[in-house]
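Chain by chain, the residues:
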Amino acid sequence: MKRLLLTLVVIALYVSHQDIWNWRTPYPMAFGFVPIGLFYHACFTVASALVMWMLVTYAWPAHLEEEIEGQSSNDAATSAATDAAKKGGRAKGTKEDAR
């Protein structure tokens, strides 16, 4: 249900972006000095930002983040083990270091 609702919101936002009713007239003026088409697009931008926030909050694929976090923690453990092996592989002051 949530996915359907979010899809409908995105479609409604897409359809409302096609601003054909304010193309030919600058009137009425919003706040007395802003042409209505500009005011409409400012409101549309705010609405787009809110829809993106809703999509990130409610429809973000969390399983992809968990997968990446799992890989990065494995990479970090592997890297730490490799660094420890390199450091512990040779002791300082051996004959090999003197060469």
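Please refer to the structure higher up on the page.
Residues numbered from 1 in each chain as written. Predicted model: local features only at pLDDT ≥ 70, side-chain atom pairs only at ≥ 80, totals over all residues. Heavy atoms only, no water.

1. Description of the overall build of the chain
Worth spelling out the cut-off: Numbering of helices and strands starts at the N terminus; helices are DSSP runs of H or I of at least 4 residues and strands are runs of E of at least 2. For every residue, the accessible area (1.4 Å probe, protein chains only) is compared with the maximum for its type, and the residue is labelled buried under 20%, exposed over 50%, or partly exposed between those bounds. In what follows, residue pairs with any heavy atoms lying within 4.5 Å of each other are defined as contacts. Accessible areas in this description were obtained via Shrake-Rupley with a 1.4 Å probe; residue shielding takes into account the shown protein chains only.
When its secondary structure is counted, the chain shows 4 helices and 2 strands. Within the chain, the proportion of its 99 residues that are buried is 12%. Once local pairs closer than 6 in sequence are excluded, the contacts in the chain between residues at least 24 apart make up 46%. When the accessible surface of the chain is totalled, it reaches about 8,500 Å², and 67% of it is carbon and sulfur.

2. Points about the environment of tyrosine 27
Residue placement: tyrosine 27 occurs in the loop between α1 (2–17) and β1 (29–30). Distance from tyrosine 27 to glycine 37, taken between C-alpha atoms, is 8.7 Å for residues 10 residues apart in sequence.

3. Here's the deal with helix α2 (residues 36–59)
Going by this rule: Here the expected span of a helix is defined as 1.5 Å times the quantity of residues minus one.
An ideal rise of 1.5 Å per residue puts 34 Å on 24 residues; α2 measures up with 33 Å between its terminal C-alpha atoms. Buried residues of α2: Ile36, Gly37, Tyr40, Phe44, Ser48 and Val51, and no others. Residues of α2 that are buried sit in contact with α1 and β2 (34–35).

4. Topic: the packing of aromatic side chains
Filter applied, for reference: Pairing of aromatic side chains requires ring centres within 6.5 Å, counting the rings of Phe and Tyr and the six-membered ring of Trp. Pairs whose planes differ by under 30 degrees are stacked, by over 60 edge-to-face, and all others tilted.
Across all of its chains, the model carries 2 aromatic pairs by this definition. Between the aromatic rings of tryptophan 53 and tyrosine 58, the centroid separation amounts to 6.2 Å while the plane-to-plane angle is 80 degrees, which identifies the pairing as edge-to-face. Judged by its relative accessible area of 51%, tryptophan 53 falls in the exposed class.

5. Regarding unusual backbone geometry
Even without a glycine there, the phi angle at phenylalanine 31 is positive, about 60 degrees. Structurally, phenylalanine 31 can be placed in the loop between β1 and β2. Of the residues examined, phenylalanine 31 reaches a relative accessible area of 66% and is grouped as exposed.

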